[in-house]
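# Coordinates in review
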Amino acid sequence: QVQLVESGGGLVQAGGSLRLSCAASLYIFSIKDMGWYRQAPGKQRELVATITSGGNTNYADSVKGRFTISRDNAKKTVYLQMNSLKPEDTAVYYCHTEGSGWWGQGTQVTVSS
């Protein structure tokens, strides 16, 4: 069974940092494009960042320069390093295998002002 498990969320003050991790059970993880998405209460789920199997990255304008997506294929893990966090970053963050219906359970990130 495919399983994506996020961790690393929590409560942080504005200006602080968090690193999210997504551990995947995918046997073919290394050839899959991965992404991070987030959804705040009352808002549409939105793309945060993606990383291709080859390491090419893409970011939402709102997080450019602050967030970094990376992956470790040996560990079958994708990361989201979040720096200079803002209250508007507060959301549930989800790991996703691009082009699939595979999602993690989500991890809550709350940024206080």
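Placed above this text is the structure.
Residues numbered from 1 in each chain as written. Predicted model: local features only at pLDDT ≥ 70, side-chain atom pairs only at ≥ 80, totals over all residues. Heavy atoms only, no water.

This part covers the side chain of Thr-77. Positionally, Thr-77 belongs in strand 8 (residues 77–82). A distance of 2.9 Å separates the side chain of Thr-77 from the backbone oxygen of Lys-75, its partner in a polar contact. Setting aside its immediate chain neighbours within four residues, Thr-77 contacts Ser-21, Cys-22, Ala-23, Phe-29, Ser-70, Arg-71 and Asp-72. (Helix = DSSP H or I, 4+ residues; strand = E, 2+ residues; numbered from the N terminus. Polar contact = N/O pair within 3.5 Å; in protein donor to acceptor, adjacent residues only side chain to side chain. Contact = heavy atoms within 4.5 Å.)

What follows covers the sheet that holds strand 8. Here four strands make up an open sheet; going across it, the order is 1-3-8-7 and the pairing antiparallel. Both edges of this open sheet fall to strand 1 (4–7) and strand 7 (67–72), since each of them pairs with a single strand only. Sheet twist, expressed as the mean angle between neighbouring strand axes with direction ignored, is 15°. (Pairing = 2+ DSSP bridges. Axes fitted to C-alpha atoms, helices over the stretch in contact; angles between N-to-C directions.)

The next subject is a nonpolar patch on the surface. Together, Tyr-27, Ile-28 and Ile-31 make up an exposed nonpolar region whose accessible area comes to about 380 Å². Looking at where Ile-28 falls in the secondary structure, it is placed in the loop between strand 3 (18–24) and strand 4 (34–39). Overall, Ile-28 belongs to the partly exposed group, its relative accessible area being 35%. (Patch = residues over 30% accessible without salt bridge, like charges linked within 9 Å, V, L, I, M, F, W, Y side chains within 5 Å. Areas by Shrake-Rupley, 256 points an atom, 1.4 Å probe, with all protein chains shown as cover. Salt bridge = Lys/Arg side-chain N within 4 Å of Asp/Glu carboxyl O. Buried < 20%, exposed > 50% of the residue type's maximum accessible area, 1.4 Å probe, protein only.)

A few words on the environment of Gly-42. Residue position: Gly-42 is located in the loop between strand 4 and strand 5 (46–51). For Gly-42, a relative accessible area of 87% gives the class exposed. Sequence spacing of Gly-42 and Asp-61 is 19 residues, and the spatial spacing of their C-alpha atoms is 20 Å.

This next bit is on the sheet that holds strand 9 (residues 91–97). Note: strands within a sheet are paired through backbone hydrogen bonds, in either parallel or antiparallel orientation. The six strands lie next to each other as 2-10-9-4-5-6, forming an open sheet whose pairing is mixed. Only two strands of the sheet have a single neighbouring strand rather than two, namely strand 2 (10–13) and strand 6 (57–59). The average angle at which neighbouring strand axes cross in this sheet is 25°, direction not considered. When strand 2 meets strand 10 (residues 107–112), the two strands line up parallel, connected through four bridges. Looking at the pairing, Leu-11 lines up with Thr-110 of strand 10.

Once that is clear, we can look at the nonpolar core. One finds Trp-36, Leu-80, Met-82 and Tyr-93 to be the most contacted residues of the largest nonpolar core, which totals 28 residues. Elements with a minimum of two residues in this core: strand 3, strand 4, strand 5, strand 7, strand 8, strand 9 and strand 10. When residues in this core are grouped by element, the largest group, four residues, is from strand 3. (Core = buried A, V, L, I, M, F, W, Y, C linked by side-chain atoms within 4.5 Å.)

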